[in-house]
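Structural characterization, general
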Amino acid sequence: MKKAAGLFRSLMRTSIKTARQGAAVNKLMTAMLTPAPPRRKARAKPAASSSTASPRPAPSSAKPPASTSKPAASTSRSSPGRVTPPPASSNIAPGKWLTSHVESANTRRMSFWLYLPQKVPEEAIAQGLPLIVMLHGCHQTATQFAQGTRMNQWAERKGYAVLYPQQLVSNQSQRCWKWYDRATQEGGGDVPTIVAMIDKVAGAYAIDRSRVYVAGISAGAGMANILALNHPQLFAAVGLHSGPVFGAGHSTMGALGVMQHGAALRADLAVREVLARHARFPGMPTILIAGEGDSVVRPINQVQLARQGLAFNGLAPDAPAKITHKAQGSNARHNAHRIDDFYDGRKLLLRVARIDALDHAWSGGDPALKFNAKAGPDATRMMLEFFARHRRG
């Protein structure tokens, strides 16, 4: 432990190049606590104008700049920010791409991006668009996460709005969400700020409040879980990709321990604490996706998250699962994987996907960006298919 602490202090003082050298702890820190720019800067993130919008939605008279993006007029009440022209790329969805901000508890402006689909399904015209909140991992920006996951393209096909909060460098130098912070786990920290973003978007556009979902990768998955468990009436389901177990850590070094070894007995205690705070916890449908080759957030975290997911959904620890095995696809386009589905009657409440040969990366993402694996299965599609099964009554 002394050696690990010394390595950590050294890494935080030295350069990125130094951090990329060394043994397993160095590799871990390189992946999670040092910046890693995208491999192709030209495609790293869509061009985004800096919004000057106030925490209130901008007036509807504000005119966007010329853009190839077409408004989804049937869903819009007022604009939360400027329309941003998409960059020249074939990997760009045709809907509206907006940016704005809210003020956090420390009065700093936290930015977010919003995608609204060009084609609005008939159900959404009548009831509002379902909304997915997407939380990036460390060293990522909101727009890099959007491009890497290709969520906007899928949202266009399925008729979803997508909200991308972006962590402030002033809050955490590597843009990590503080999933390990005890106050954040209990609903403080950045949690109220993200909830304020959701309220702002729902106030500006026709959003179906019964179909709001939250998802993320790594630190973003940890934060997504915290949001869902502290606001179970707000979110209909949660999607966690390569995420740490909930309710442990409580320091930077503690977080590294959780990522490598899980939370031991703390995993069960954290469940009891949440249920004590929410006497009528309504359950939280959850999809878990992780790679069996992940050396950053090791598979023990998914095992413990699955146990927590059973408890939060009122299922027994030994509840039987419907197990599906899928072999590797031709030319390694899809990794072999196993899916465990847990039901209450005919309702799917917990899906656990374990993907062979996948390290710490979004499965089926855009490999031009860090933390995205080209080989499937497509995690974005899996999450959307799971979310479509659930709405909050």
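Scroll up to find the structure.
The paragraphs below set out a description of the structure included in this document. (Residues numbered from 1 in each chain as written. Predicted model: local features only at pLDDT ≥ 70, side-chain atom pairs only at ≥ 80, totals over all residues. Heavy atoms only, no water.)

1. Comments concerning the overall build of the protein chain
- Counting its secondary structure elements, the protein chain contains 13 helices and 13 strands.
- Each of the 393 residues in the protein chain was classed as buried or not, and the buried ones make up 57%.
- Long-range pairs, those at least 24 residues apart, make up 69% of the contacts in the protein chain with a sequence separation of at least 6.
- Of the roughly 16,900 Å² of accessible surface on the protein chain, 52% is carried by carbon and sulfur atoms. (Helix = DSSP H or I, 4+ residues; strand = E, 2+ residues; numbered from the N terminus. Buried < 20%, exposed > 50% of the residue type's maximum accessible area, 1.4 Å probe, protein only. Contact = heavy atoms within 4.5 Å. Areas by Shrake-Rupley, 256 points an atom, 1.4 Å probe, with all protein chains shown as cover.)

2. Some details on the nonpolar core
- Counting 71 residues, the largest nonpolar core has L131, V133, L135, L163, I207, V214 and F235 as its most contacted members.
- I132, W154, L348 and I355 belong to the second largest nonpolar core, which has 36 residues in total. (Core = buried A, V, L, I, M, F, W, Y, C linked by side-chain atoms within 4.5 Å.)

3. Some words on the environment of L229
- Examined against the element boundaries, L229 turns out to sit in helix 9 (residues 219-230).
- The class for L229 is buried, based on a relative accessible area of 1%.
- In this structure the C-alpha to C-alpha distance between L229 and F312, which are 83 residues apart in sequence, comes to 8.7 Å.
- Sequence-distant contacts of L229, defined by excluding residues within four places in its chain, comprise F246, V274, H278, F281 and F312.

4. Details of the pairing of strand 8 (residues 286-291)
- A large share of strand 8 lies buried, amounting to six of its six residues.
- Along strand 8, one buried face is formed by T286, L288 and A290 and the opposite face, lined by I287, I289 and G291, is buried too.
- Relative to strand 8, strand 7 (residues 237-241) runs parallel, the two being bridged by four bridges. From the neighbouring strand, V238 faces strand 8, where its bridge partner is T286. (Pairing = 2+ DSSP bridges.)

5. Quick word on the state of the cysteines
- This structure, assessed with the given rule, holds one disulfide.
- Note that C138 is cross-linked by a disulfide to C176, the S-S spacing being 2.1 Å. Between C138 and C176, the S-S torsion sits near 130°, and that sign places the bridge as right-handed. With C138 in the loop between strand 4 (129-135) and helix 5 (142-149) and C176 in the loop between strand 5 (161-165) and helix 7 (182-185), this residue pair connects regions lying 38 residues apart in the sequence. Across this residue pair, the class does not change: C138 and C176 are buried. (Disulfide = S-S within 2.5 Å.)

6. Observations concerning the environment of A321
- Among the secondary structure elements, A321 is positioned in the loop between helix 12 (300-312) and strand 9 (322-326).
- Between the C-alpha atom of A321 and that of I339, which follows or precedes it by 18 residues, the distance is 9.1 Å.
- Discounting residues that sit within four places of it in the chain, A321 has contacts with D340, D341 and F342.

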